[in-house]
Amino acid sequence: MSESSAEAVTALASATGVAGGWRRATGVAGTAIGVVAAGAAAGVAIERLTVGRGMRRKARLALDSAGPYGSLRGTPGKATADDGTELYYEVDDVDPEAVPALGPRRRRLFGRKAPAPVTVVFSHGYCLSQDSWHFQRAALRGVVRTVHWDQRSHGRSGRGVRQAQDGTAVSIDQLGRDLKAVIDAAAPEGPIVLVGHSMGGMTMMALADQYPALVRDRVAAVALVGTSSGRLGEVNFGLPVAGVNAVRRVLPGVLKALGTQAALVEKGRRATADLFAGVIKRYSFASRDVDPAVARFAERMIEGTPIDVVAEFYPAFTDHDKTEALGYFADLPVLVLAGIGDLVTPSEHSEAIADLLPEAELVLVPDAGHLVMLEHPEVVTDRLADLLTRAGAVPAGATVGGYGSTSSTAQPG
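Residues numbered from 1 in each chain as written. Predicted model: local features only at pLDDT ≥ 70, side-chain atom pairs only at ≥ 80, totals over all residues. Heavy atoms only, no water.

Draft legend 1. Quick peek at the packing of helix 8 (residues 172-186) against helix 9 (residues 199-210). Interhelical geometry of helix 8 versus helix 9 gives an angle of 80° and a closest axis separation of 7 Å. Accordingly, the angle class assigned to the pair helix 8 and helix 9 is roughly perpendicular. Mapping the contact onto sequence places Ile172, Asp173, Leu175, Gly176, Arg177, Leu179, Lys180 and Ile183 in helix 8 and Met199, Met202, Thr203, Met204, Ala206, Leu207 and Gln210 in helix 9. Here the residues of the contact of helix 8 with helix 9 are counted per class, giving 9 nonpolar, 3 polar and 3 charged. (Axes fitted to C-alpha atoms, helices over the stretch in contact; angles between N-to-C directions. Helix = DSSP H or I, 4+ residues; strand = E, 2+ residues; numbered from the N terminus. Parallel < 35°, antiparallel > 145°, perpendicular 65-115°, else oblique. Contact = heavy atoms within 4.5 Å. Nonpolar A, V, L, I, M, F, W, Y, C, P; charged D, E, K, R; others polar.)

Here it is, written out as structure tokens:
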């Protein structure tokens, strides 16, 4: 291990320690997490050689204050999960002024005076929020009715009641029931299109598994972005075999221990902000020229997820297996999209999904990582627009060119 890698490992390991005794008890934890950190350490070391710490801090503050990403807001609403958890969502309705102008084209496309009202429901991934769909939301505003929601304990949604009260583990099935509650509250009737990234795609599979009649009667199309139907316990995160095996053995216990010391761990995260920024960037993006404002936007979402929430959700992914539930999507228009450089849910998992849904469109995006919808928004938005057109939700061309830009001067749509 290089000197810079060792520095990164030491910094993160010390950030996870709280007191001498607890640090010794979780010494293996620091080592295991350090293996993950070492994967990003080379990039962090180069940054440290070229940019001063003070300058990086000033840059982060500037991006926090000036970055437009995540600023789009809609009509707020709340749904209540089966355990009482409040789930926050926002609705963007069709713009009445835009609809008449599109009327003739819609009549030509669909052979009716107006298309059936469709609601597109977006589900976000682990440690993110509804704002992760910023570019796609900007593109679709006013053209089609959309619902963006925050998963339990994420974003503006309430802390999971069962998790807070008695430490009940989060399950992907619970997330599927949460999505059903949001649909019941925000889109109780009419066709729906389900769009999910990573954990959000798994949430959609759990919905289908538990509510197949809903899928049969109301779902018009499905988009699965950077997600998996199972076997996540085999993902190596781009690490050597020995390293990933060590991480797998101890990480669930490590996260649980860290969750009990949340306040102190959060201080550690702040103290090692540069290191965590490098780790986040490595596992979020694959291209080298990601705009700093987009990278910082992703950091803010991930940093905003408390460590105890991170700990509560992690075990659910190892248990996740919804391969059979994919069959409920077989007769629908389906988009399966992934970044070829995704280290979190590798593109092979998307290929496996597409193999089970032979009529699905499979799109593998070069030079793209896990947050492909932020890294290459134009690709995701264009393919999503095509899916919505095939489903009869929007007229052809209605969203093309409206997906925004990844430049730091981009403004919300």
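Draft legend 2. The confidence of the model for the protein, seen in detail. Averaged over every residue, the pLDDT of the protein is 77; the share at 70 or more is 64%. Ignoring residues within four places in sequence, the model shows residues 1-51, a span with pLDDT below 50, making 60 contacts including any to other chains. (pLDDT = per-residue confidence, 0-100.)

Draft legend 3. Fine view of the environment of Lys78. Structurally, Lys78 can be placed in strand 1 (residues 75-80). Overall, Lys78 belongs to the exposed group, its relative accessible area being 54%. Put simply, Lys78 and Tyr89 are 11 residues apart on the chain and 6.0 Å apart in space, counted from C-alpha to C-alpha. Sequence-distant contacts of Lys78, that is, excluding residues within four places in its chain, are made with Glu86, Leu87, Tyr89 and Ala185. Of the polar contacts made by the side chain of Lys78, one reaches the side chain of Glu86; its length is 3.1 Å. (Buried < 20%, exposed > 50% of the residue type's maximum accessible area, 1.4 Å probe, protein only. Polar contact = N/O pair within 3.5 Å; in protein donor to acceptor, adjacent residues only side chain to side chain.)

Draft legend 4. Structural view of the packing of aromatic side chains. Summed over all chains, the structure comprises 5 aromatic pairs. Pairing Tyr69 with Phe135 gives two aromatic rings, centres 5.5 Å apart and planes at 55°, and the pair type is tilted. Residue Tyr69 is located in the loop between helix 4 (53-66) and strand 1, and its partner Phe135 is located in helix 6 (residues 134-140); the two are separated by 66 residues in the primary sequence. For Phe135, a relative accessible area of 2% translates into the label buried. For the ring pair Tyr126 and Phe317, a centre distance of 4.8 Å and an interplane angle of 65° mean the geometry is edge-to-face. Highlighted residues: Tyr126 in the loop between strand 3 (119-123) and helix 6 and Phe317 in helix 15 (residues 307-319), separated in sequence by 191 residues. Note on Tyr126: relative accessible area 22%, which makes it partly exposed. Members of the aromatic cluster, joined through ring pairs, are Tyr69, Phe135 and Phe297. The ring of Tyr283 is capped by Arg282, whose NZ or CZ atom sits 5.4 Å from the centre of that ring. (Phe/Tyr/Trp six-rings, centres within 6.5 Å; stacked < 30°, edge-to-face > 60°. Lys NZ or Arg CZ within 6 Å of the ring centre and 35° of its normal.)

Draft legend 5. Layout of the side chain of Thr345. The topology assignment puts Thr345 in the loop between strand 7 (334-339) and helix 16 (347-356). Engagement of the side chain of Thr345 in a polar contact is seen with the side chain of His370, the distance being 3.3 Å. Setting aside anything within four residues of it in sequence, one finds Thr345 in contact with Ser198, Met202, Gly226, Thr227, Ser228, Leu232 and His370.

Draft legend 6. Representation of the pattern of salt bridges within the structure. Tallied over the full model, the rule gives 23 salt bridges. Arg177 serves as the salt-bridge partner of Asp82, at 2.7 Å between the closest nitrogen and oxygen. Separated by 95 residues along the polypeptide, Asp82 in the loop between strand 1 and strand 2 (86-92) and Arg177 in helix 8 bring together distant segments of the chain. On the basis of relative accessibility, which here comes to 46%, the residue Asp82 falls in the partly exposed class. For Arg390, the salt bridge identified is with Asp386, shortest N-O distance 3.2 Å. In this pair, Arg390 and Asp386 are both assigned in helix 18 (residues 377-390), 4 residues apart and thus about one turn of the helix distant. When salt bridges with common partners are traced through the structure, they connect Arg73, Glu90, Asp92, Asp131, Arg137, Arg141 and Arg156 into a single cluster. (Salt bridge = Lys/Arg side-chain N within 4 Å of Asp/Glu carboxyl O.)

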